[in-house]
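A structural walkthrough
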Amino acid sequence: MFGLIGHLTSLEHAQAAARDMGYPEYADEGLDFWCSAPPLMLDQEITVKSLTGQVIKGRYVESCFLPEMLATRRIKAATRKIINAMAHAQKHGIDITALGGFSSIIFENFNLKQIERIRNIRLEFQRFTTGNTHTAYIICRQVEQASAKLGIDLSKATIAVCGATGDIGSAVCRWMNAHTDVQDLLLIARDRERLNALQTELGRGRILGLDEALPQADIVVWVASMPKGVEIDAESLKKPCLLIDGGYPKNLDTKVQAPGVYVLKGGIVEHSLDIDWPLMQLVNMDAPGRQLFACFAESMLLEFEKWHTNFSWGRNQITVEKMEKSGAFRSSMASNRS
Amino acid sequence: MPQLEAPQKTDFQSETYKDAYSRINAIVIEGEQEAYDNYLALAELLPDNKDELIKLSRMENKHKKGFEACGRNLEVAPDMKFAAEYFAELHGNFQTAAAEGDIATCLVIQSLIIECFAIAAYNIYIPVADPFARKITEGVVKDEYMHLNFGEEWLKANFEQYKEGVEKANAANLPIIWKMLNQVEDDAAILEMEKEALVEDFMIAYGEALANIGFSTRDIMRMSSHGLRA
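Sequence order sets the numbering: in each chain, residues are counted from 1 along the sequence as written. Written order determines the labels here, with chains lettered from A and ligands numbered from 1. Totals for whole chains, interfaces and linings use every residue, but because this is a predicted model, local features are given only for residues with pLDDT of at least 70 and side-chain atom pairs only at 80 or more, for both listing and counting. Calculated side-chain values reflect all of the structure's heavy atoms, with hydrogen atoms and water omitted.

1. Some words on the domain arrangement of chain A
Residues and elements named next belong to chain A. Just so we agree on the cut-off: Where each domain begins and ends follows an automated or database-derived domain assignment. Contacts between residues were defined by any pair of non-hydrogen atoms, one from each residue, lying within 4.5 Å. Two parts placed together each lose some accessible area under a 1.4 Å probe, and the buried area is that loss summed for both. Note on definitions: salt bridges are taken to be side-chain nitrogens of Lys or Arg within 4 Å of carboxyl oxygens of Asp or Glu. Any N or O atom pair separated by 3.5 Å or less is treated as a polar contact, with the protein-specific requirement of one donor-capable and one acceptor-capable atom, and with residues adjacent in sequence counted only for side-chain atom pairs. We count a stretch as a helix when DSSP gives it H or I for four or more residues in a row; a strand needs E for two or more, and each element gets its number in order from the N terminus. Note that Gly is not counted as nonpolar here; it falls among the polar residues with everything else outside the nonpolar set of Ala, Val, Leu, Ile, Met, Phe, Trp, Tyr, Cys and Pro and the charged set of Asp, Glu, Lys and Arg.
Segmenting chain A into domains produces domain 1 (2-132 + 269-334) and domain 2 (136-268). Between the C-alpha centres of domain 1 and domain 2 there is a distance of 25 Å. Counting residues at the interface gives 30 residues for domain 1, matched by 24 residues for domain 2. Of the roughly 2200 Å² buried between domain 1 and domain 2 on both sides combined, carbon and sulfur atoms contribute 62%. Ranking the residues of domain 1 by area buried against domain 2 places Asn132, Asn316 and Met323 at the top, with a combined share of 26%. Where domain 1 packs against domain 2, one counts 0 salt bridges. Our count for the domain 1 to domain 2 interface comes out at 8 residue pairs in polar contact (both at pLDDT 80 or more). Sorting the residues of the side of domain 1 that touches domain 2 by element identifies α4 (68-71), β15 (268-270), β17 (291-293) and α13 (320-332) as the ones contributing at least two each. When residues in the side of domain 1 that touches domain 2 are grouped by element, the largest group, 6 residues, is from α13. Residue classes in the side of domain 1 that touches domain 2 are distributed as 13 nonpolar, 12 polar and 5 charged.

What follows is the structure, encoded as structure tokens:
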């Protein structure tokens, strides 16, 4: 059994979802209500069938976390949502659960691994995966495939990675460095020390500020996550420019609109799996039947492989080898369309 | 990304703390007393389970004594008059149900609402308690998790027959517990117990109990919404 811990994108989204799902009592409740709401496991099982006919089952746990909790500094509430959702998944015997959206970011950022016990449950972290390895892999493949389509030659291209020192960002840098002949890597992040360490590890890459880096980039990989999103001046970007929106929330396509700028939602898997899960539209996919967050896909892949282990865990542990393995899992399911 | 603030040190001897503690401690003592009385009443209603219920009542009595010691340790006299009034509505509903032989309501009030309220409060209290009370409360929580929840198991075994009764009892009594939670918000805050964490923990325990009995997540969400009507 695989599990997915997810959350809705905003208070407004949560209220609309409550109404759509037939809970009008909750539809008018404000942030306070969500701060004290318990995790919910949706009744309906998710059934996934691969092209080879293998069937796995999963459950979705709604953590009731909302990004507004971070924006308004309700940090304790935010951390409770994630830990309680994890305890809930474990209590239901789920073997491998992906921490979707902000869940893994909150887990890492607030060092929640120090919370080993919650109520009468000792959290077994090997039952959870951030899903970041597969997300990073998918983003890299998106860069390779979309750049080829747009006629951007990687050997002459500059890639700016915004959020370069994060778990996914650093993995993208490693892959681009080892797997492609990209001409130049621009490393953007807030923490100078971590940037220096990444530059040393890669043996290349230029450390630049966001405003300085963006106009030089043929490809921008955006993997920074911020509760409120970010403003980018489309005019300052090169034309053509490929922008992979792999952060959270994924709303750059509405914010950056200019001729010659191509925005792709990053870390979203196009798949051919047969997923029986009518609630997928809840998480705002453009094509709910054919798309899936890569972090969720990772828990499904691990379940298909019966590899019940925290494949992605800890910060900056994602190696190129692990990403290759993640890609190989996909191929073995014969479902790779992306 | 914002950061967590460092926790402040609590002065367990301050007048403000002791004043709030006199009510919270009394509520806990009264809650254990109610549990003791309620299990004895249930033993009369369910003679087949009499021995088990009497054993449970003794355990609750032991817990009560532990919490009385916590008050003495801080030299706080629990405000028992306040606590009796605090529980009056729930107490009255239990008495009426017991007199009518309404087992579903009795079990919802004692085994679901009071038990879940207690375990949530203890879980939230433990990290912020004084060292003496922490040890006592940890022992109580261990006891609570050790014994299979009698009411949950009984209602599970008789789910189809009592489903409707549980729903009705929930609708009538969940708003009361909500009011009770609101009523102690300020005192609990002085003890560093956050209301939203308390509500969340209660809803987790309550939801798990309802799920164990046989309700679906959809049922639980619908039933939980009655709390909002308080």
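2. Focus on helix α4 (residues 103-125) of chain B
Residue and element names in this part refer to chain B. Note the following rule: Under the convention used throughout, the expected extent of a helix is 1.5 Å for every residue step, that is, one less than its residue count. To get the bend at a residue, fit one axis to the 7 residues ending there and another to the 7 starting there, then take the angle between the axes. Only protein chains enter the accessibility calculation, which uses a 1.4 Å probe; a residue is then buried when its area is under 20% of its type maximum, exposed when over 50%, and partly exposed in between.
In this model, α4 (23 residues) spans 31 Å end to end at C-alpha, consistent with the 33 Å of a helix rising 1.5 Å per residue. Along α4, the helix axis deviates most sharply at Glu115, where the bend reaches about 25 degrees. Among the 23 residues that make up α4, 23 are buried, leaving the element largely enclosed by the rest of the structure.

3. Here's the deal with the sheet that holds strand β12 (residues 219-222) of chain A
Residue and element names in this part refer to chain A. Our working definition: The rule for pairing is simple: two strands pair if DSSP sees at least two bridges between them. Angles shown run from 0 to 180 degrees and are taken between the N-to-C directions of axes, each axis being a line fitted to C-alpha atoms and, for helices, limited to the stretch in contact.
Strand order in the open sheet formed by 6 strands is β11-β10-β9-β12-β13-β14, with parallel pairing between adjacent strands. The outermost strands of the open sheet, each flanked by one partner alone, are β11 (206-207) and β14 (261-265). Relative to strand β13 (residues 241-245), β12 runs parallel, the two sharing 4 bridges. Looking at the pairing, Val220 lines up with Leu243 of β13. Its contacts with the sheet place helix α7 (residues 132-150) against β9 (158-162), β12, β13 and β14, and it is angled at close to 155 degrees to β13.

4. So, helix α12 (residues 294-304) of chain A
All names here are of chain A. Summarising burial for α12: 11 of the 11 residues are buried, a large majority. Among all positions in α12, only Ala294, Cys295, Phe296, Ala297, Glu298, Ser299, Met300, Leu301, Leu302, Glu303 and Phe304 are buried. The first or second residue beyond α12 is Lys306, which carries a positive phi of 55 degrees.

5. Looking at the nonpolar core
Put simply, the rule reads: What is meant by a nonpolar core is a set of buried Ala, Val, Leu, Ile, Met, Phe, Trp, Tyr and Cys residues, joined one to another through side-chain atoms within 4.5 Å.
Judged by nonpolar contacts, the single largest core of 79 residues is most densely connected at Tyr21, Tyr125, Ile177, Met193, Phe202 and Tyr206 of chain B. Counting residues per element, this core draws most heavily on α4 of chain B, at 18 residues. Setting aside residues up to four positions removed in sequence, Met193 of chain B forms contacts with Ala121, Ile124, Tyr125, Val128, Ala188 and Leu198 of chain B. Listed in part, the 59 residues of the second largest apolar core include Ile56, Ala171, Val221 and Leu302 of chain A.

6. Side note on the interface of chain B and chain A
Counting residues at the interface gives 24 residues for chain B and 33 residues for chain A. Here chain B packs against chain A, burying approximately 2800 Å² in sum over the two surfaces, 55% of which is carbon and sulfur. Linking chain B with chain A are 7 salt bridges, by the criterion used here. For Arg119 of chain A, the salt bridge is made with Asp201 of chain B, and the minimal N-O distance between the two is 3.1 Å. Where chain B touches chain A, the interface holds 14 residue pairs in polar contact (both at pLDDT 80 or more). Elements with a minimum of two residues in the side of chain B that touches chain A: α9 (195-213) and α10 (217-224) of chain B. For the side of chain B that touches chain A, the element with the most residues is α9 of chain B, which contributes 8 residues. Partitioned by chemical class, the residues of the side of chain B that touches chain A number 10 nonpolar, 6 polar and 8 charged.

7. Examining the pairing of β9 of chain A
Residue and element names in this part refer to chain A. Short version of the rule: Handedness of a crossover is defined as follows: with both strands directed away from the viewer, a clockwise route from the first strand across the helix to the second makes it right-handed.
With respect to burial, β9 is a largely interior element, 5 of its 5 residues being buried. Alternating residues of β9 divide into Thr158, Ala160 and Cys162 and Ile159 and Val161, and every residue in both groups is buried. Inspection of the sheet shows β9 paired to strand β10 (residues 184-188) by 5 bridges, in the parallel sense. Following the sheet pairing, Ala160 is matched in β10 by Leu186. Handedness of the crossover joining β9 and β10 through helix α8 (residues 167-179) is recorded here as right-handed. Two strands pair when backbone bridges link them, and β9 and β12 are joined in this way by 4 bridges, in the parallel orientation. Looking at β12, one finds that Ala160 is bridged to Val220.

8. Looking at the environment of Tyr206 of chain B
All names here are of chain B. Following the sequence through the fold, Tyr206 ends up in helix α9. Put simply, Tyr206 and Cys116 are 90 residues apart on the chain and 5.8 Å apart in space, counted from C-alpha to C-alpha. Apart from the residues within four sequence positions on either side, Tyr206 is in contact with Val108, Leu112, Ile113, Cys116, Asn170 and Leu174.

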